[in-house]
Amino acid sequence: MEQKKILYMGIDLTDTQAMVSLFGRGMEEPETIMTGAAKERYGIPAAMYLADSGHTFYGEEALKRKENPQGDFFDHLYQRALEEANGEQQFYQGLLRQFIQRLIRLKDRYRFDAQELCVSITVPEITKQVVTVFHRIREELEFSEEQFFLMDHGESFFAHTYHQEALLWQHDVALFDFASEQVTFYLLHRRHGAKVQIVTAEKKVWEVPSYVHQDARVKDEFFSNLIREAFASHMISAVYFVGDGFDGAWLKESLRVLGGNKRVFLGKNLFTKGACYAGYRYTDASFWGFFYNCEYKMQGEIRLQVQRGDENAAIRLVEAGQNWFAPVPEYTLLYDGTPELSVIVGEIGRINTQTRVFPLTDLPDRPEKTLRFRIRALAKNGRNVVLRLEDDGFGELFESSGKVWEFPVTFEPEERSSVYDRKYKKAF
């Protein structure tokens, strides 16, 4: 069966700008869309201007009209949309959706032989507000869960890194994102030896005093001290510099501190290209061998043993490594056994699984094999899940009693593993 031809779009979105990359069949690497004649000018200002005439202008065209009184100018679309996440007002969420829709239309400049579009959006941090906003945007843009991915900068850095030559990720890999007010540092760690290699990202953030930008030598000294702090006790094979803060030829002492045994790359579009790679990997059925683990990934799995006909089977209520905010399946079960719910719980980084048993009290008074339940797992975050069991009734014979049973399941932090687990860790 011929595989679908998919066009992958990676959107790097911050509060001030966006970058867009495209990756399709036959391309060696993603291509970032240029926004002007200047070399490596990729940033699209996250701004909109709504003219009284009814026309809408985006990005640079919006900035040109910022002071024009014959319309309204809006910027900081991303942050203001997040501020609306828990309220009834969705004005900026609507503007952000229009802005993203405009970014998606940039693909029309190119001719790709593709049957389907996959959009991956990477943002600096994943929070519940981010999840809420982009869930609404995905639905309004009519993308399925298989066509729309959300990740943080650490995950897109991971996806970009492990699509490069192996020599670059032989040891830890570092990235500095230098903005005007902050320097954000990511360090990718990879566990060797397991069939699926688990990668995590250490993150640090430093505030940048305003005086640092006033003198190149001061900036160089400030940044070289950050390198010393960040690289202490780490063996690093490659370093990436990302962000407008690296503009200008001021990297002198900093490069000396880096040393000559590391590959160093300077650019601005790594996150958007990494988002393309992530979308490709997450829709491709072939085995890759790398798994990114972070706080918004489920830290374990939950399986339920059931009987289908004469055979025993297992259904997965929670999948390890899946985003906690991803949709989970709901199952209908016919009860025929002891008054308890028994599930198998496994955790990332541990070999052994556990069987956890929850009592089903106050069951409806109905004949055996007429008790039918709906069950699903509701994730609060990557470590805390609630198993929800509801009486589903039994067709026209018995109405649902409305009874609900909820059982919490917690995946323990890995550092609390036993000595045995720490010695024999491997990917779950």
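Above this note sits the structure.
K.L.:
Go over the sheet that holds strand S16 (residues 300-308) with me, naming the residues and quoting the values.
P.N.:
The strand order across the open sheet built from four strands is S17-S16-S19-S20, with neighbouring strands paired in antiparallel fashion. Either end of the sheet is taken by a strand with one partner, and the two such strands are strand S17 (311-318) and strand S20 (354-359). In this sheet, adjacent strand axes meet at a mean angle of 35 degrees when their direction is disregarded. By the bridge criterion, six bridges tie strand S19 (residues 340-347) to S20 in an arrangement that is antiparallel.

K.L.:
Describe the sheet that holds strand S15 (residues 290-292), naming the residues involved and giving the relevant values.
P.N.:
As summarised here, the arrangement of the six strands in space is S14-S13-S10-S11-S12-S15, forming an open sheet in which the pairing is mixed. Looking along the sheet, the strands with just one partner apiece sit at the ends: strand S14 (263-267) and S15. Here the average twist between neighbouring strands, direction ignored, is 20 degrees. Sheet contacts for helix H5 (residues 153-161): strand S10 (172-178), strand S11 (182-190), strand S12 (197-207), strand S13 (236-242) and S15; angle to S11, the most-contacted strand, approximately 50 degrees.

K.L.:
Break down H5 for me, with residues and values.
P.N.:
Burial of H5 is extensive: nine of the nine residues sit out of reach of the surface. Of all the residues in H5, the buried ones are His153, Gly154, Glu155, Ser156, Phe157, Phe158, Ala159, His160 and Thr161.

K.L.:
I'd like a description of the pattern of salt bridges, backed by residues and values.
P.N.:
Scanning the entire structure with this criterion turns up 29 salt bridges. Between arginine 80 and aspartate 75 there is a salt bridge, with its nearest N and O atoms 3.3 Å apart. Overall, arginine 80 belongs to the partly exposed group, its relative accessible area being 29%. For aspartate 75, a relative accessible area of 22% gives the class partly exposed.

K.L.:
How would you summarise unusual backbone geometry if you had to cite specific residues and measurements?
P.N.:
The residue glutamate 142 is not glycine, and still its phi comes out positive at about 60 degrees. Judged by relative accessible area, which is 71%, glutamate 142 ranks as exposed.

K.L.:
Give a description of the nonpolar core that names residues and reports values.
P.N.:
Leu96, Phe99, Ile100, Phe134, Ile302 and Leu387 are the most contacted members of the largest nonpolar core, which has 98 residues in total. Broken down by element, this core gets its largest block of residues, seven residues, from helix H3 (residues 91-104). The contacts of leucine 96, once residues within four sequence positions are left out, are Leu13, Leu77, Tyr78, Ala81, Val133, Phe134 and Ile137.

K.L.:
Just give me the short version of the packing of aromatic side chains, but keep the residues and values in it.
P.N.:
Under the definition given, this model contains 40 aromatic pairs. Consider the rings of tyrosine 162 and tryptophan 169, whose centres lie 5.2 Å apart with planes at 50 degrees: the pair is tilted. Across the pair, tryptophan 169 and tyrosine 162 agree in class, each one buried. On the basis of an interplanar angle of 90 degrees and a centroid distance of 6.0 Å, the ring pair of tyrosine 335 and phenylalanine 373 is categorised as edge-to-face. Residue tyrosine 335 is found in strand S18 (residues 331-335), and its partner phenylalanine 373 is found in strand S21 (residues 371-379); the two are separated by 38 residues along the sequence. Summarising the burial analysis for this pair, tyrosine 335 and phenylalanine 373 share the class buried. Above the plane of the ring of phenylalanine 57 lies arginine 65, whose end atom (NZ or CZ) is 3.7 Å from the centre. Here the basic side chain of lysine 195 rests over the ring of phenylalanine 287, its NZ or CZ set 5.8 Å away from the ring centre.

What counts and what doesn't
- Residues numbered from 1 in each chain as written.
- Predicted model: local features only at pLDDT ≥ 70, side-chain atom pairs only at ≥ 80, totals over all residues.
- Heavy atoms only, no water.
- Pairing = 2+ DSSP bridges.
- Helix = DSSP H or I, 4+ residues; strand = E, 2+ residues; numbered from the N terminus.
- Axes fitted to C-alpha atoms, helices over the stretch in contact; angles between N-to-C directions.
- Contact = heavy atoms within 4.5 Å.
- Buried < 20%, exposed > 50% of the residue type's maximum accessible area, 1.4 Å probe, protein only.
- Salt bridge = Lys/Arg side-chain N within 4 Å of Asp/Glu carboxyl O.
- Core = buried A, V, L, I, M, F, W, Y, C linked by side-chain atoms within 4.5 Å.
- Phe/Tyr/Trp six-rings, centres within 6.5 Å; stacked < 30°, edge-to-face > 60°.
- Lys NZ or Arg CZ within 6 Å of the ring centre and 35° of its normal.

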